[in-house]
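# Summary of the model geometry
Now for the letters of each chain:
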Amino acid sequence: MSEPVRSRGGFSRREFLKGSGAAAAATAVVGAPLVAPAEEATGLIRGAEEVTLQVNGKAHRVRIEPRTTLLEVLRYQLGLTGAKPVSADGCCGGSTVLLEGKPISAATTLALDCVGKQITTVEGLGAQDNVVQAFVHQDAMQCGFCTPGFVVAVKAFLKKHPYATEEEVREGLNGNLCRCGTYVNVVRAALEVVKGGRNG
Ligand code: FES
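Residues numbered from 1 in each chain as written. Predicted model: local features only at pLDDT ≥ 70, side-chain atom pairs only at ≥ 80, totals over all residues. Heavy atoms only, no water.

With that settled, consider the environment of L78. Its place among the elements puts L78 in the loop between α2 (70–76) and β3 (96–99). In this structure L78 comes out as partly exposed when scored by relative accessible area, which is 22%. In this structure the C-alpha to C-alpha distance between L78 and H60, which are 18 residues apart in sequence, comes to 8.1 Å. Setting aside anything within four residues of it in sequence, one finds L78 in contact with V55, H60, V62 and V73. (Helix = DSSP H or I, 4+ residues; strand = E, 2+ residues; numbered from the N terminus. Buried < 20%, exposed > 50% of the residue type's maximum accessible area, 1.4 Å probe, protein only. Contact = heavy atoms within 4.5 Å.)

Counted under the stated rule, the structure contains one aromatic pair. Between F150 and Y183 the ring centres are 6.2 Å apart and the planes differ by 75°, which places this aromatic pair in the edge-to-face class. Taken together, the residues span a long stretch of sequence, with F150 in helix α5 (residues 147–160) and Y183 in helix α7 (residues 183–196) at a distance of 33 residues. Over the ring of F145 we find K84; its NZ or CZ atom is 5.6 Å from the centre of that ring. (Phe/Tyr/Trp six-rings, centres within 6.5 Å; stacked < 30°, edge-to-face > 60°. Lys NZ or Arg CZ within 6 Å of the ring centre and 35° of its normal.)

Everything listed here is a matter of geometry and, on its own, says nothing about what the molecule does.
The following block contains the structure:
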């Protein structure tokens, strides 16, 4: 066998390939533990699989892929159409739901990340909910498309800020958009709950 051709730096192409192969293998070994904990934390699925989601106090078996969003599961598998697919990046708040009591965008949250957590949608709040009732009293909707997201956002905000001022309500809801411009009535609805002392 002929001697490998040496570069000016003293490395042959063959030695370089052998070396880089070993480096790649070493990187894979060193890198493996960095990936494993995340996979364990969320559960790893490859392709479509069944998982259980806790929605509005009930367990639901749903079939998801790693890329499936929570919003897709809610609307197209569970028939819960309150949360709206208004913006794919969740920038308008139309898909707001509660995850472990905190408001999130269902449009940008993977269903897989919700396994084992409590999900509450506007349907789970129900018609007698104090915020829902305040929206009715204050006529805080026009087309109503943004309303479920606003109701859930108000619910979460007032839970955290039960004595919020008008300014704080406006600031706290600035992640939700209403194309009909019903902001004044939405703020009135939130303040009705604050003044009524019914922020449960
Ligand atoms: S009521 Fe129509 S988008 Fe808000």
